[in-house]
Every structure is written in structure tokens, then in C-alpha cells.
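# Overview (structure and organization)
Each chain, written out:
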Amino acid sequence: MLPLLFLIFLLYPQTLITITLASRCTITTPLKTYQKCISLPTQGATLAWTYHATNATLDLAFTGSFISPSGWVGCGINPTSPTMTGTRALVAFSDPSSGSLIVLPFILDPSVKLQSTPFVSRRLDIPLLTSSVSSRSGIRDGDIVQIFFAIKLSPNKTRINFVWNRGLYVQGYSPTIHNTAASDLASHATIDIVSTASETSPPISSNLRWIHGTLNCASWGIILPIGVAMARYLRPFTSLFGPTWFYVHATVQIIGFLAGTAGFAIGIIMGNASVGVTYGLHRSLGITTFVIGGLQFAALLFRPKTTNKYRKYWKSYHHFVGYSCIVLGVVNVFQGFDVMGLSGSYWKLSYCLVLSTFIGACIALEVNAWVVFCRRAEEEKVRRESSGEVNQNGKGRVGY
């Protein structure tokens, strides 16, 4: 029976885990005593509540902890799904003017992930009745904070999508993006306020994320571009080494594509397991790159012979699709650094150094190839002119 359950879990990583026990939570708070509570699965957070069925009002008390004196702690309700995007949130942090603890409302629209503009507080479009915040000893690393609020639910609605998180910094009155560790990405749950059962997706292993990133960076971002360069700059030496350049090129590309396929498969598994956590651009670029890579791999199986009249069309397709795959793959590698929170890390700097070295080498080889091409063209021109003069002189002597 246990092996069967294990197999089901592997095949369906998005299977929800139902939590009905709450050993760490408490219904008693400094503000009031609540009817029910649960321990949330990440960040040591808890949630207590009282549901008034007569008027469909829900009183909640969320308990979290700060991870820095300049940080923030937030929680909220998503009306449609257990995701960050779309959540109507209350975020607690230190007031830059007075230093006191405040809580402000925010609507987490898709622009929040991009952080292209400051995150501005605005009135919620759900019936928020009251809100307040308290802390035991101020705002320090590890200090406990409690956010109290009351909302009015739709009649007969007993399930809520609850989302919570915390971050390191607040710029003015604008909370910055939170960390992207496995526990941070799994901070959401669907809770039944009557039975106290909650449904959460299992957090993705950090090791799995690193394997996914390493495989894709190495394959799409390094190995496949090197394979393309080898074909371009080794092919002119066919007269010396024969078709060796082709076998080397094909071998490198197959290895790169297989590694990229493994990284892509892990990414799909992680996406299915992380219900509510979606990186739209990174996912779209990844799928597009993999599809184009698959088409390129298929083209290798249907390569026409050199004497075939369609060979020139196949070569144009092969070059266009191949370069498109390389460009999209490299762009998505940089997107992956942003998704993993490594946009300013030494890992990204190291990749940039490797990529710039590769590009510099390609530029040098390209210049050398053009110099050799122009030199050979000039020598061929001189040879033709010399041959023409000999022919003319020969004809002249015959005329005599």
C-alpha cells in the first residue's frame, strides 16, 4: 500500500495535503478570543478566526514574524484562487515618519512581481470591516506581529483562499518583493472556516529548483550556443578533417538538448506542484524554446542529401530555427535568474562573464573568417586575372 501511495504522489505532485491538526496555534490573543485556529504550513505562521454565520462575518487574527527591522509582514484573502496575484492584502511595517507599527491595504495585481513601479497602498474592493495590528516588542528580527481584521463573506461561503508572506525591506510606504525560497512560494492555503481543514500544495525543494536552473543554464545558455559556434567555425576546415565537424556539432547539440529536456521536465513538475505560483514570461519562453529545440532536433532526422533540390530550403530553416532557439534560451536563462532571486548574485555575474567570453571569441573568429574569406577572394581574383593574361598571350602566339 505504501509504495502505491508513493507512486501516486510522484505522478501527481500537485495533490493537496489536508491539514486538520493545529498543535502550535492558539485561539487566545491580546485583542480577543477566537473560536478556531490552525498552524499554517510555512514561516511558523498561524491563523485564528471566528465565523458569524448569521451575518456571514469573519473575524481573523494572523500571527507572523518579521525577518528584519526594516521588513514587512502581510496576509490577505484572494477572492478567486490561492495565489499571490489578485490577493487583497493587509501589510504591516514600521511607519517611516513616526516609527510606529502600521498596517495598510494593498491589492496585489500582476505588476507587483515586476516591481517596475512603487507598490502603492489603495483601498480594497472587498468588504473589509475593521483592521488593526499589534506587536509584542516592536519590530526586530524574529519579533511576532499579529494582524487583526474582519471581512464580510458571501452567503454560504465557508472556504477562503488565504495568502501570507514577509519581506526584508520597505521603501517609504512601499513593501519590496519577498524572498523566493520554497517556503515563501508555498505561503498560500485554501481553508474551510467551518471544519478548520486546509488545502496546501507541498513546497518545492530548493535542491530541485537549483537542479532545474543549473540544467537549463548549462544546456540552453552554454552547451547549445557552443555547438552552433563549432558548426560555423569548424565547417570551413572540411578539406582537412572531412565531416568530423558535423559529428562533433550533432553530438554537442544532442547532449545539450537532452539536458535541456530534463531541465524543462523538472520545470513543468515544479509548476504543477506550485499551485498559484506562476511566472508567466519565464514559463512561456521556456515552452517556446523547448518546442523550437524539438523542431530543430526533428529537422536533423529529416535532413535531405546534399544533392536534393530542397536542401537549400532545409538549410535556411535549420539556421533560422537554430539561432532563434539560442536567442530565446539565453534570454530565458536571465529570466530564470530573476525568478530565483539571483538578479544581483555572483551566479548571474559568472554566467555573464562566461557568455561575454563566448561572444568575444565568436566575434574574433568571425573577423578572422571574414579576413580569410576576403584574402582567398583576392587570391582567386589574382589567379583568374593571371590565367586570363596567359590565355590572351597564348591566343596571340597562335594567331601569328
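Read on for a plain summary of the structure. This is a predicted model, so every value here is computed, not measured. (Residues numbered from 1 in each chain as written. Predicted model: local features only at pLDDT ≥ 70, side-chain atom pairs only at ≥ 80, totals over all residues. Heavy atoms only, no water.)

### Re the overall build of the protein chain
A count of helices and strands for the protein chain gives nine helices and 14 strands. Taking all contacts inside the protein chain whose residues are at least 6 apart in sequence as the whole, residues at least 24 apart take part in 62%. In the form shown here, the protein chain has an accessible surface area of approximately 22,600 Å², with 65% of it arising from carbon and sulfur atoms. (Helix = DSSP H or I, 4+ residues; strand = E, 2+ residues; numbered from the N terminus. Contact = heavy atoms within 4.5 Å. Areas by Shrake-Rupley, 256 points an atom, 1.4 Å probe, with all protein chains shown as cover.)

### Comments concerning the sheet that holds strand 4 (residues 57-65)
Read across the sheet, five strands follow the order 2-3-4-9-8 without closing on themselves; strand pairing throughout is antiparallel. At either margin of the open sheet sits one strand with a lone partner, and together these are strand 2 (36-39) and strand 8 (128-135). Between one strand axis and the next, the sheet turns by 15° as a mean value, whatever way the strands run. (Pairing = 2+ DSSP bridges. Axes fitted to C-alpha atoms, helices over the stretch in contact; angles between N-to-C directions.)

### Brief notes about the packing of aromatic side chains
Tallied over the full model, the rule gives 14 aromatic pairs. These aromatic residues form a ring-pair network of at least three members: Trp220, Phe257, Phe264, Phe290 and Phe297. (Phe/Tyr/Trp six-rings, centres within 6.5 Å; stacked < 30°, edge-to-face > 60°.)

### Regarding the pairing of strand 6 (residues 88-94)
Looking along a regular strand, one sees side chains alternate from face to face of the sheet. Most of strand 6 is tucked away, with six of its seven residues classed as buried. Here strand 5 (residues 72-78) runs beside strand 6; their pairing, made up of six bridges, is antiparallel. Paired with glycine 76 across the bridge in strand 6 is alanine 89. Examined bridge by bridge, strand 6 and strand 7 (residues 101-107) share seven bridges and lie antiparallel to one another. If you follow alanine 92 over to strand 7, its bridge partner there is valine 103. Connecting strand 6 to the antiparallel partner strand 7 that follows it, the hairpin turn spans six residues, and glycine 99 within it adopts a positive phi of roughly 80°. (Buried < 20%, exposed > 50% of the residue type's maximum accessible area, 1.4 Å probe, protein only.)

### Observations concerning helix 7 (residues 280-301)
Relative to the 32 Å expected for 22 residues at 1.5 Å per residue, helix 7 spans 32 Å between its end C-alpha atoms, a close match to the ideal helical length. Looking at helix 7, one finds that the buried residues are His282, Leu285, Gly286, Thr289, Ile292, Gly293, Gln296 and Ala299. Buried residues of helix 7, viewed axially, fall in a sector of 145°; they line one side. (Expected span 1.5 Å × (residues − 1). Arc of directions from axis to C-beta.)

### Remarks on the pairing of strand 10 (residues 159-167)
Where burial is concerned, most of strand 10 is hidden: eight out of the nine residues are buried. Relative to strand 10, strand 5 runs antiparallel, the two being bridged by seven bridges. Within strand 10, the position partnered with tryptophan 72 by the bridge is glycine 167. With five bridges joining them, strand 10 and strand 13 (residues 188-192) adopt antiparallel strand pairing. From the neighbouring strand, valine 163 faces strand 13, where its bridge partner is histidine 188.

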